[in-house]
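# Summary of structural features
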Amino acid sequence: MSILIKGGTVVSVTGAVTADVLVDGEVIAAVAAPGTLSEVDEVIDATGKYVLPGGIDPHTHLDMPFGGTVTIDDVESGQTSAAFGGTTCHVDFIIQPQGATFAAAVDEWKAKANGKQVIDMGYHMAVTDLKDGGTLEELATLPDEGITSYKLFMAYKGALMVDDETLFRTMETASQTGALVMVHAENGDVIDVLVKQALEAGNTDPLYHALTRPPEAEGEATNRAIQLAHLADAPLYVVHVTCREAVEPIARARDAGWDVWGETCTQYFFNSLDDIAKPNFEGAKYVYSPPVRDQSNWDVLWNAVRTDVLSAISTDHCAFLWDGQKTMGKDDFSKIPNGGPGLENRLQMIHEFGVRARRISLNRMVELLSTNPAKLFGLYPRKGTIAVGSDADIVVFDPEQTVTISAATHHSKSDYNLFEGTEVTGVPEVVLLRGQVLVEDGELVASPGVGQFVARAKFGEELKPEEVTA
Ligand code: URP
Ligand code: ZN
Ligand code: ZN
């Protein structure tokens, strides 16, 4: 099957050119001057549209047990929502159950995805429990299976949080195995004290979720992780950075030439303390960690993504129902499951408020949402670019069409949307995964099962076409 995507503006990190893109089977066969390619099975007219590399979301939580419940989007609903949002590949977190081997955790997560995949996916391994003579040695084997990043939670005391010994030993392992270390950087011990104090004082509303997780707790943990990773000689990626206190140590480390990268997430540019303070428990919709910050941080984050202090924007999609899941914490904010939906809205929101508002260029948007995640997480050049030989993961994006974001029309199973009522101009109109049309005319036209697990390359290495497995 061959497809010609005709006459669109093909956007990369460095340029934007009017060109035709020839897709042959699963890959891009040619990118050429308009009108120079012919003889194809199907033509997609992209005149007036952007032709973008499929989005890559490096941070999602599908079908994940968390906070006394399970995230509401499984692989099928989460990835369907991703496809409608122009994301064609994501990297999800496997959580090692306490006491379990990594092999058992991998099997469990792959079984959950089996037959449901709408887009391509890889896995990070969230380490919760390391033992000499067992999981410590097993951890070293994961990169050879294409799981080339280790995640550590420095928060969620009593649940996912690890101590500094586990953090440091994982970093030492990564320095030997070619894995990238990822951290959720908040000081979980300090937060635990502040949460207990708030509850003792009778402060149970969602707002106290934010007030008991101050920016200093994020800044301290970010700096600690950076210093420990430097000591261990491991590359470090700080997930969901929200505030100046965390941006500054990342900027310092990068200035010094250390192997440190950071991401932020769509919601941290748009949600704030005003949202989590909403009455009638509506604030619970905005309970995620690190928490919403005051609005002064929005510009800090835009500057950071513009200047490459932060190198990627993810969604941290961790969707729950407000009615039935968030309400578990009606009388105690610490029982509200942490997380929110967002997989579907990243491209539209960043295009509207980043590109159209002239905070970042179109090229930088492609870099932040696709090319950099591909490079950092061992998917490039197979993914993250429109180039000959790369997977034909392509979004034909109409920059003129206007829509209003709403839970009434999104594809997540969540009963709310963090950006409800926001009008955006720019819609992923046609979405292709490895040459197959996934979304067209507002419909999902491919069946679950079309997506694949991608064995990712080790940190700093390239993923060659033959290294992708079914
Ligand atoms: O609140 C959040 N972010 N939930 C998902 C788990 C995590 O910390 O990334
Ligand atoms: Zn986190
Ligand atoms: Zn997360």
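Here the structure is shown first, and the text comes after it.
Residues numbered from 1 in each chain as written. Chains lettered and ligands numbered in written order. Predicted model: local features only at pLDDT ≥ 70, side-chain atom pairs only at ≥ 80, totals over all residues. Heavy atoms only, no water.

## Here we look at the coordination of the zinc ion (ligand 3)
Under perfect tetrahedral coordination by four donors, a metal shows angles of 109.5 degrees; under perfect octahedral coordination by six donors, it shows angles of 90 or 180 degrees. In plain terms, the rule: We call an atom a donor if it is N, O or S and sits within 2.8 Å of the metal, or 3.2 Å for Na, K and Ca. Water is not counted, so some sites may look partial. Every angle between 85 and 135 degrees makes a four-donor site tetrahedral, while opposite donors more than 155 degrees apart, with all other angles between 65 and 115, make a four-donor site square planar and a six-donor site octahedral; other sites are irregular. Each helix is a run of DSSP H or I of at least 4 residues and each strand a run of E of at least 2, with the numbering of both proceeding from the N terminus. Between buried and exposed lies partly exposed: a residue is buried under 20% and exposed over 50% of the maximum accessible area for its type, with that area taken using a 1.4 Å probe on protein chains only.
Protein ligation of the zinc ion (ligand 3) involves His-59 (NE2), His-61 (NE2) and Asp-316 (OD), the donor distances falling in the range 1.9 to 2.1 Å. Angles of 87 to 132° at the metal separate the four donor atoms of the zinc ion (ligand 3), which places the site in the tetrahedral class. In this structure the zinc ion (ligand 2) is found 3.9 Å away from the zinc ion (ligand 3). Placement of His-59 in strand E6 (residues 55-60) and of Asp-316 in the loop between strand E15 (312-314) and helix H11 (346-356) is noted, with a sequence separation of 257 residues between them. Each member of the pair, His-59 together with Asp-316, is buried.

## A few points about the coordination of the zinc ion (ligand 2)
Looking at the metal site, the zinc ion (ligand 2) is ligated by His-184 (ND1) and His-240 (NE2), spaced 2.0 Å from it. Each of the four donor atoms bound to the zinc ion (ligand 2) contributes to angles spanning 57 to 151°, and the resulting shape is irregular. Classification of His-184 by relative accessible area gives buried; the value is 1%. Owing to a relative accessible area of 2%, His-240 belongs among the buried residues under this scheme.

## Observations concerning the sheet that holds strand E11 (residues 149-153)
Test applied: Only when DSSP finds a minimum of two bridges between them are two strands counted as paired. Note on geometry: axes are C-alpha line fits, over the in-contact stretch for helices, and angles between N-to-C directions span 0 to 180 degrees. By definition, residues are in contact when any of their heavy atoms lie within 4.5 Å.
Here we have eight strands laid out as an open sheet, ordered E6-E9-E10-E11-E12-E13-E14-E15, and parallel in their pairing. Taken across any chain shown, the strands that pair with only one partner, and hence form the sheet edges, are E6 and E15. Here the strands of the sheet are splayed against their neighbours by 30° on average, with no regard to which way each runs. Taken together, the seven bridges between strand E9 (residues 87-95) and strand E10 (residues 120-126) define a ladder with parallel strand orientation. Paired with Phe-93 across the strands is His-124, a residue of E10. Across the face of the sheet, helix H4 (residues 164-177) comes into contact with E11, strand E12 (180-184) and strand E13 (236-238) while running at roughly 170° to E11.

## Things to note about the nonpolar core
Our working rule: In plain words, nonpolar cores are sets of buried Ala, Val, Leu, Ile, Met, Phe, Trp, Tyr and Cys residues tied together by side-chain atoms within 4.5 Å.
If you look at the biggest cluster of nonpolar residues, it comprises 122 residues, and the most contacted ones within it are Leu-52, Met-171, Val-183, Leu-236, Tyr-237, Met-365 and Leu-438. In terms of residue count, the dominant contributor to this core is helix H7 (residues 215-232) (seven residues). Not counting residues within four places of it along the chain, the set of residues in contact with Leu-52 comprises Val-11, Leu-347, Met-365, Val-366, Ile-386, Asp-393, Ile-394, Val-395 and Phe-397. Val-10, Ile-44, Leu-432 and Val-437 belong to the second-largest nonpolar core, a separate cluster that totals 17 residues.

## Overview of the environment of Gly-421
For Gly-421, the position within the fold is in the loop between strand E16 (394-404) and strand E17 (423-433). Separated by 17 residues in sequence, Gly-421 and Thr-404 have C-alpha atoms that sit 5.7 Å apart.

## With respect to the site of ligand 1
Test applied: We define proximity as follows: a residue is near a molecule or strand when any one of its heavy atoms falls within 4 Å of that partner. Side-chain atoms alone can form a polar contact between residues adjacent in sequence; in general such a contact is a pair of N or O atoms within 3.5 Å, and within protein one must be able to donate a hydrogen while the other accepts it. To measure how exposed things are, a 1.4 Å probe is used in the Shrake-Rupley method; for residues, cover is taken only from the protein chains shown. Gly counts as polar in this scheme, as do all residues outside two lists: the nonpolar Ala, Val, Leu, Ile, Met, Phe, Trp, Tyr, Cys and Pro, and the charged Asp, Glu, Lys and Arg.
As a structural note, the neighbourhood of ligand 1 is formed by 13 residues, with Tyr-156, His-184, Ser-289, Asp-316 and Asn-338 the closest of them. One of the side-chain nitrogen or oxygen atoms of His-184 is found 3.0 Å away from an oxygen atom of ligand 1. In this structure, Asn-338 approaches ligand 1 through a main-chain N or O atom, which is 3.1 Å from a nitrogen atom. Starting from 270 Å² of accessible surface for ligand 1 in isolation, the protein chains cover 100%. Here the residues of the shell around ligand 1 sort into five nonpolar, seven polar and one charged.

## Comments concerning helix H2 (residues 102-113)
We apply this condition: Multiply 1.5 Å by the residue count of a helix minus one, and that product is the helix's expected span.
The first and last C-alpha atoms of H2 sit 17 Å apart over 12 residues, in line with the 16 Å expected at 1.5 Å per residue. Structurally, H2 contributes buried residues whose contacts are with strand E7 (65-66), helix H1 (75-84), E9, E10 and helix H3 (135-139). With its phi angle positive at about 80°, Gly-115 sits one or two positions after the end of H2.

## As for the packing of H7 against helix H8 (residues 244-255)
Rule in force here: Angles are sorted into four bins: roughly parallel if under 35 degrees, roughly antiparallel if over 145, roughly perpendicular if 65 to 115, and oblique for all others. For any pair of crossing helices, the crossing counts as left-handed if the nearer helix is rotated counterclockwise from the farther one by less than a right angle, and right-handed if it is rotated clockwise.
Relative orientation of the contacting elements H7 and H8 amounts to 20°, with a least axis distance of 7 Å. Here H7 is positioned roughly parallel relative to H8, judged by the angle of their axes. Considering the relative orientation of H7 and H8, their crossing is right-handed. Two secondary-structure elements touch here, H7 through Pro-215, Glu-216, Glu-218, Gly-219, Thr-222, Asn-223 and Ile-226 and H8 through Glu-245, Ala-246, Pro-249, Ile-250, Arg-252 and Ala-253. Counted by class, the contact of H7 with H8 contains six nonpolar, three polar and four charged residues.

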